[in-house]
Amino acid sequence: MRIKRIHHLTLAVRDLDGARLTFQQLFGTPPSRSLEVPAFGVRAVDLPLGDSTLQLVSPAEHDNPVMRFLERKGEGFYNLALEVDDLDAAIAELSSQGVRISEPVESEPGVRSSFITMT
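Everything in this summary refers to the structure shown in the same document. As the structure is a computational prediction, the values presented were derived from the model and not from experiment.

1. A look at a nonpolar patch on the surface
And then number 1: There is a patch of nonpolar side chains on the surface, built from Met1, Ile3, Ile6, Phe77, Leu80 and Leu82 and spanning about 560 Å² of accessible area.
And then number 2: Counting residues per element, the ones that place at least two in the nonpolar patch are strand 1 (3-12) and strand 5 (76-84).
And then number 3: Considering each element in turn, the nonpolar patch owes the most residues, three residues, to strand 5.
And then number 4: What makes Phe77 partly exposed here is its relative accessible area of 48%.

2. Regarding the environment of Phe69
And then number 1: With respect to the secondary-structure elements, Phe69 resides in helix 2 (residues 65-73).
And then number 2: Residue classification places Phe69 among the buried residues on the basis of a relative accessible area of 10%.
And then number 3: Sequence separation between Phe69 and Ile116 is 47 residues, and the spatial gap between their C-alpha atoms is 15 Å.
And then number 4: The contacts of Phe69, once residues within four sequence positions are left out, are Ala12, Gly74, Gly76, Phe77 and Tyr78.

3. Structural notes on the side chain of His8
And then number 1: Within the element layout of this structure, His8 appears in strand 1.
And then number 2: Using a relative accessible area of 14% as the deciding quantity, one classes His8 as buried.
And then number 3: Of the polar contacts made by the side chain of His8, one reaches the side chain of Thr10; its length is 3.3 Å.
And then number 4: Within the structure, His8 has its side chain in polar contact with the side chain of Gln55 (distance 3.3 Å).
And then number 5: Aside from chain neighbours lying at most four places away, what touches His8 is Ser52, Thr53, Gln55, Asn79, Leu80 and Ala81.

4. Some points on the packing of aromatic side chains
And then number 1: Counted by the stated rule, this structure contains three aromatic pairs.
And then number 2: Between Phe40 and Phe115, the ring centres sit 5.4 Å apart and the planes meet at 85°, which makes this aromatic pair edge-to-face. Of the two residues, Phe40 is situated in the loop between strand 2 (33-37) and strand 3 (42-49) and Phe115 in the segment after strand 7 (111-113); the sequence distance between them amounts to 75 residues.
And then number 3: Owing to a relative accessible area of 34%, Phe115 belongs among the partly exposed residues under this scheme.
And then number 4: Ring geometry for Phe69 versus Tyr78: centroids 5.1 Å apart, planes at 85°, classification edge-to-face.

5. Some remarks on the environment of Leu94
And then number 1: Inspection of the secondary structure assignment puts Leu94 in helix 3 (residues 87-96).
And then number 2: Note on Leu94: relative accessible area 13%, which makes it buried.
And then number 3: With 47 residues separating them in the primary sequence, Leu94 and Leu47 have C-alpha atoms 30 Å apart.

Quick notes on the rules
Residues numbered from 1 in each chain as written. Predicted model: local features only at pLDDT ≥ 70, side-chain atom pairs only at ≥ 80, totals over all residues. Heavy atoms only, no water. Patch = residues over 30% accessible without salt bridge, like charges linked within 9 Å, V, L, I, M, F, W, Y side chains within 5 Å. Areas by Shrake-Rupley, 256 points an atom, 1.4 Å probe, with all protein chains shown as cover. Salt bridge = Lys/Arg side-chain N within 4 Å of Asp/Glu carboxyl O. Helix = DSSP H or I, 4+ residues; strand = E, 2+ residues; numbered from the N terminus. Buried < 20%, exposed > 50% of the residue type's maximum accessible area, 1.4 Å probe, protein only. Contact = heavy atoms within 4.5 Å. Polar contact = N/O pair within 3.5 Å; in protein donor to acceptor, adjacent residues only side chain to side chain. Phe/Tyr/Trp six-rings, centres within 6.5 Å; stacked < 30°, edge-to-face > 60°.

In C-alpha cells:
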C-alpha cells in the first residue's frame, strides 16, 4: 500500500457554523467548500491548510457515528483521511494483517472511503 498524502483531518463539532468562523479567524483562510454528505449523515466544511484540508463535521441526522462520537467523547479529533493509490488493494492488505476495516462507501460522487476501526 502506498500512501500518497494526508487528504484531510476531521474534527467533529456540534456547531458547524460557529466552528467554521473560529477556525477561519484562527487560520485566516476561507472555507473551500461546504457540503452535505448523505452517506455519513453529516454537514461538512473544508478549510484549506497548505496542501491539506481541515474538515469540520457536524451531524445532519440524530443517529449517526458523528453524533455518537460527540455524545461519548465531545468535540475534537474524529479522523485522519489518507489518500492511497488503490483503495481496494489497501483494504485487502490491511485485512490480511488482521486490521478491522470497513467496506468502501461512496462518500461523494467519485470519492470512495473506508474506515479503520480502532476499538
